[in-house]
Amino acid sequence: MSTKWNEDQEYLSIIESLLETKEVQALANYTQHHYTTRLSHSISVSYRSYRIAKKLGCNEVATARAGLLHDLFYYDWRTTKFDEGTHAFMHPKIAVKNAQKITSLSALEIDIIVKHMWLATVAFPKYKESYIVTIVDKYCAVAEVLSPTVSKSQVWLKKIWLKLKVAS
Ligand SMILES: [Fe+2]
Ligand SMILES: [Fe+2]
């Protein structure tokens, strides 16, 4: 991200009260995509989605809030299994219930959270903002899984480049 989320006062004013809650802070105790915590993933999804929503003239406040709360669940998704359905199907519903314990959600915010696993789940998002978050969530998941691999490759390429320069 070119702008740091924690230096963006407008963004902070939207999510600050949620971010301060122990329920959201507890996400720091869970690994999300190998190298990131669920909290850093949620902030990343929230902030990237917020910026896109703002550019497109969508509801950036709802997007930022629901983006932050979209993965508000407290279990290890690699090991926890449900009788009622898959993790992809279950955790958006659990996240909405948990989010409603700390704030009141609009219909738009509920749709953003419940539909964020669209494509893994069949129900189509109802709003543009829901599409933004589900796409950004997928982008962040891939980027988070690949980031150490990408940095390692960059270091490796730099080393090769330096060796070639020295040799030439
Ligand atoms: Fe999720
Ligand atoms: Fe997510």
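Residues numbered from 1 in each chain as written. Chains lettered and ligands numbered in written order. Predicted model: local features only at pLDDT ≥ 70, side-chain atom pairs only at ≥ 80, totals over all residues. Heavy atoms only, no water.

Regarding the coordination of the iron ion (ligand 1)
For the iron ion (ligand 1), the protein coordination sphere consists of D71 (OD), H91 (NE2) and H116 (NE2), at 2.1 Å. Between the iron ion (ligand 1) and the iron ion (ligand 2), a spacing of 3.5 Å is present, and a bridge between the two is formed by D71. Remark: H91 occurs in helix 5 (residues 87-100) and D71 occurs in the loop between helix 4 (60-69) and helix 5; sequence separation between them is 20 residues. Of the residues examined, H91 reaches a relative accessible area of 3% and is grouped as buried. (Donors = N, O, S within 2.8 Å, 3.2 Å for Na, K, Ca; no water. Helix = DSSP H or I, 4+ residues; strand = E, 2+ residues; numbered from the N terminus. Buried < 20%, exposed > 50% of the residue type's maximum accessible area, 1.4 Å probe, protein only.)

Let's talk about the UniProt feature "domain: HD" (unreviewed entry) in the protein
Here, the residues flagged by UniProt with the feature "domain: HD" (unreviewed entry) are residues 38-140. Along residues 38-140 the backbone is 61% helical and 0% strand, and the end-to-end C-alpha distance reaches 12 Å. (UniProt positions renumbered as here; feature names shortened; annotations may be inferred.)

Comments concerning the packing of aromatic side chains
In this description, an aromatic ring pair is defined by two values, namely the gap between the centres and the angle between the planes. Under the criterion given, the structure shown has eight aromatic pairs. Seen in terms of ring centroids, Y11 and Y50 are 5.1 Å apart; in terms of plane orientation they differ by 50 degrees. Their pairing is tilted. Taken together, the residues Y11 in helix 1 (residues 9-19) and Y50 in helix 3 (residues 38-55) connect sequence positions 39 residues apart. Y11 sits in the buried class, given a relative accessible area of 0%. Centroid distance W118 to Y131: 5.1 Å. Interplanar angle 85 degrees. Geometry classified as edge-to-face. Within this pair, whereas W118 is found in the loop between helix 6 (107-114) and helix 7 (128-167), its partner Y131 is found in helix 7, the two being separated by 13 residues in sequence. Taken together, the ring pairs in this structure connect Y11, Y47 and Y50 into an aromatic cluster. Geometry around F89 places K93 over its ring, the cationic atom sitting 4.5 Å from the centre. (Phe/Tyr/Trp six-rings, centres within 6.5 Å; stacked < 30°, edge-to-face > 60°. Lys NZ or Arg CZ within 6 Å of the ring centre and 35° of its normal.)

Details of unusual backbone geometry
Positioned with a positive phi, L119 is a non-glycine residue whose angle comes to about 95 degrees. Inspection of the secondary structure assignment puts L119 in the loop between helix 6 and helix 7. Since its relative accessible area comes to 63%, L119 is described here as exposed.

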